[in-house]
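Analysis of the macromolecular model
Listed below are the residues making up each chain.
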Amino acid sequence: MKIDWFTVIAQVLNFLILVGLLWRFLYKPILKAIDEREKKIVARLADAEAKKTEANKEQEEFKQKNEAFDKERKALLDKAVAESEDERKKLLEQARKDAASLTAKLDAASKEAQENLNHEIAQKTRQQVFAITRKALTDLASAGLEEQSANMFIGRLHGLKEEEKRQFVDAFKSNSNPILVRSAFDLPEKQQNEIKDAVNRILSAAPQFQFKTNPELISGIELSANGYKLAWSISEYLNSLEKSIPVMEKEISETLPPKK
Amino acid sequence: MKLSPDQTIFWSYGFFNINLTLVTTWGIMLLLVLTSAIITRKLKTDMHISRWQCILEMVVTGINSEIKGVGLDSPQLYIGFIGTMFLFIATANVLIVFPYYQAPTGSLSTTTALAISVFLAVPFFGIKQRGIGTYLKSYLQPTFIMLPFNLISELSRTLALAVRLFGNIMSGGMIVAILLSITPFIFPIVMQALGLLIGMVQAYIFSILATVYIAAAVQAPPKNSDKKDLVTKK
């Protein structure tokens, strides 16, 4: 129980030395390490926070970009769809128009062909009818009939209207050539004289006459001078009928509704 | 029967003698310093550290927080003294698990030396922090009549520190020694385990009391200083 003062002094010194050694080898490095690690942790936390902020920002940016891209894509897609729809409609319309125009052309062509055929048939028929008529009347024509024709011509000369008479007179007055009288058969002397008398009476003059035969007239007589022509013949009737047929056809086709 | 390791003397020359207490203390010092040096040689400042470094850091931060808990705001100024005191006493007391080991803290000379260290450290830190005048004036608080009582208090608490630690550790060793002669089986082990607990508790008490004394010296009681200001103004 006694205190050894040398030991006490030695232990105080020992303790102080231990304090110094432990400060050097334990507390200082450990505290330093802890401080450094805490600094590192703080730095890391700050870094992590910064990175998080950055990441959030980038995420936001990416999101916006994505949305913009989606919008753009949708717009482009819509536009493309609309354009293709328009194009489709246009093509369909074009095809429809083409089909319609082709159909119209076809209709027109077939109508034209039909009309041509009809026209040809009508023309042929007409020609046949006139040929038959001409043949039949030519066969029937005789001196008797000629005489009757000359009588009809003379009658007609007598029955000329004032207007016609004036034209006739004007045509003959300015003419020094003989008046040409053509007939299908040779006219007898009596009828030639009757014609001359009738003309003389109308003109109140005695012009030169020249009588010619022309079988194409088909029992008829034609009197002509300076372009003025006065005639009575079956051929004349037929010609006038033939001329009037196309006019009639035209009138009929105009009054009828157009074919569809 | 030897009560103290002081009585085992290896070498003596007049006033000087090398006894078991000193030898054991050197051994403990060597152990502490070598361990610390080996571990702190490869300190890492990364997130992943070695388990030994982790243990040391836990010890150091634990001591730091205890010092802070007592009321000292800058524990790194005092950890050298207080921490070393705790580690030395704790190590000396824990090593009683080894047979034939006699704790140096079971010697009144060692505990006296530690108590004297505290006795000297209190004015050292007090003067360092507050200046010599202010520190010495604190012995006259609340009035100069209190000066002898303050002085007695300083001495008596130092004596109490020394005797408390010595008594606890010595008695522990004594109990085990006595029990070994009475009931040599099992029971001494229980007492030895109890001795370990007592050793740790005493290390803690000694260090905490030293911290409290230092804190009291470093920090002026606010009420007293207010009073003093009023008195000087009058």
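So, here is what we can say about the structure in this document. (Residues numbered from 1 in each chain as written. Chains lettered and ligands numbered in written order. Predicted model: local features only at pLDDT ≥ 70, side-chain atom pairs only at ≥ 80, totals over all residues. Heavy atoms only, no water.)

Glancing now at the overall build of chain B. Counting its regular elements, chain B contains eight helices and two strands. Based on the C-alpha atoms only, the size of chain B along its principal axes is roughly 75 × 50 × 40 Å. Buried positions account for 42% of the 234 residues belonging to chain B. In chain B, the share of contacts with a sequence separation of at least 24, taken over all contacts with a separation of at least 6, comes to 67%. Distance from the positive charge centre (16 side chains) to the negative charge centre (8 side chains) of chain B: 3 Å. (Helix = DSSP H or I, 4+ residues; strand = E, 2+ residues; numbered from the N terminus. Buried < 20%, exposed > 50% of the residue type's maximum accessible area, 1.4 Å probe, protein only. Contact = heavy atoms within 4.5 Å. Lys, Arg positive; Asp, Glu negative; His and termini not counted. Charge placed at Lys NZ, Arg CZ, Asp CG, Glu CD.)

Across all of its chains, the model carries 11 aromatic pairs over all chains by this definition. Between W11 of chain B and Y13 of chain B the ring centres are 6.4 Å apart and the planes differ by 15°, which places this aromatic pair in the stacked class. The partly exposed category is assigned to W11 of chain B, whose relative accessible area is 46%. Ring centres of F81 of chain B and F125 of chain B lie 6.1 Å apart, and the angle between their planes is 70°; this geometry places the pair in the edge-to-face category. Placement of F81 of chain B in helix α3 (residues 79–94) and of F125 of chain B in helix α4 (residues 108–130) is noted, with a sequence separation of 44 residues between them. Clustering of aromatic rings is evident, with ring pairs tying together F15 of chain A together with Y78, F81, F124 and F125 of chain B. In this arrangement the basic side chain of R24 of chain A is found over the ring face of F25 of chain A, its NZ or CZ atom lying 4.7 Å from the centre. A cation over a ring is seen here: R157 of chain B above Y213 of chain B, with NZ or CZ 4.0 Å from the ring centre. (Phe/Tyr/Trp six-rings, centres within 6.5 Å; stacked < 30°, edge-to-face > 60°. Lys NZ or Arg CZ within 6 Å of the ring centre and 35° of its normal.)

Bringing the packing of α4 of chain B against helix α6 (residues 147–182) of chain B into the picture now. Residues and elements named next belong to chain B. One way to put it is that α4 packs onto α6 with a least axis distance of 8 Å and a crossing angle of 145°. The two elements α4 and α6 cross, and the hand of that crossing is right-handed. For the pair formed by α4 and α6, the contact residues are L108, T111, T112, L114, A115, I116, V118, F119 and V122 on the first element and E154, L155, R157, T158, L161, A162, L165 and F166 on the second. Partitioning the contact of α4 with α6 into residue classes produces 12 nonpolar, three polar and two charged. (Axes fitted to C-alpha atoms, helices over the stretch in contact; angles between N-to-C directions. Left-handed = near helix turned anticlockwise from the far one by under 90°. Nonpolar A, V, L, I, M, F, W, Y, C, P; charged D, E, K, R; others polar.)

The next point concerns unusual backbone geometry. All names here are of chain B. Of note, Y100 is a non-glycine position whose phi angle comes to about 70°, a positive value. Mapped onto the elements of the fold, Y100 is located in the loop between α3 and α4. Of note in the backbone geometry, I186 takes a positive phi value of approximately 65° without being a glycine. What makes I186 exposed here is its relative accessible area of 66%.

Mapping T21 of chain B onto the fold places it in helix α1 (residues 20–41). In this structure the side chain of T21 of chain B is engaged in a polar contact, spanning 2.4 Å, whose partner is the side chain of D6 of chain B. In contact with T21 of chain B, other than residues within four places in its own chain, are T7 and Q11 of chain A together with P5, D6, P104, S107 and T110 of chain B. (Polar contact = N/O pair within 3.5 Å; in protein donor to acceptor, adjacent residues only side chain to side chain.)

Our focus in this paragraph is the interface of chain B and chain A. At the interface, 48 residues of chain B touch 33 residues of chain A. Interface area, chain B with chain A, both sides summed: about 3,700 Å², of which 76% is carbon and sulfur. There are one salt bridge connecting chain B and chain A. Measuring nitrogen to oxygen at the nearest pair gives 2.2 Å for the salt bridge that ties R37 of chain A to E57 of chain B. Inspection of the chain B/chain A interface yields nine residue pairs in polar contact (both at pLDDT 80 or more). Of all elements in the fold, only β2 (16–19), α1, α2 (51–70), α3, α4 and α6 of chain B reach the threshold of two or more residues within the side of chain B that touches chain A. The dominant element in the side of chain B that touches chain A, judged by the number of residues it contributes, is α1 of chain B, at 10 residues. Grouping the constituent residues of the side of chain B that touches chain A by class yields 26 nonpolar, 18 polar and four charged. (Buried area = accessible area lost by both parts, 1.4 Å probe. Salt bridge = Lys/Arg side-chain N within 4 Å of Asp/Glu carboxyl O.)

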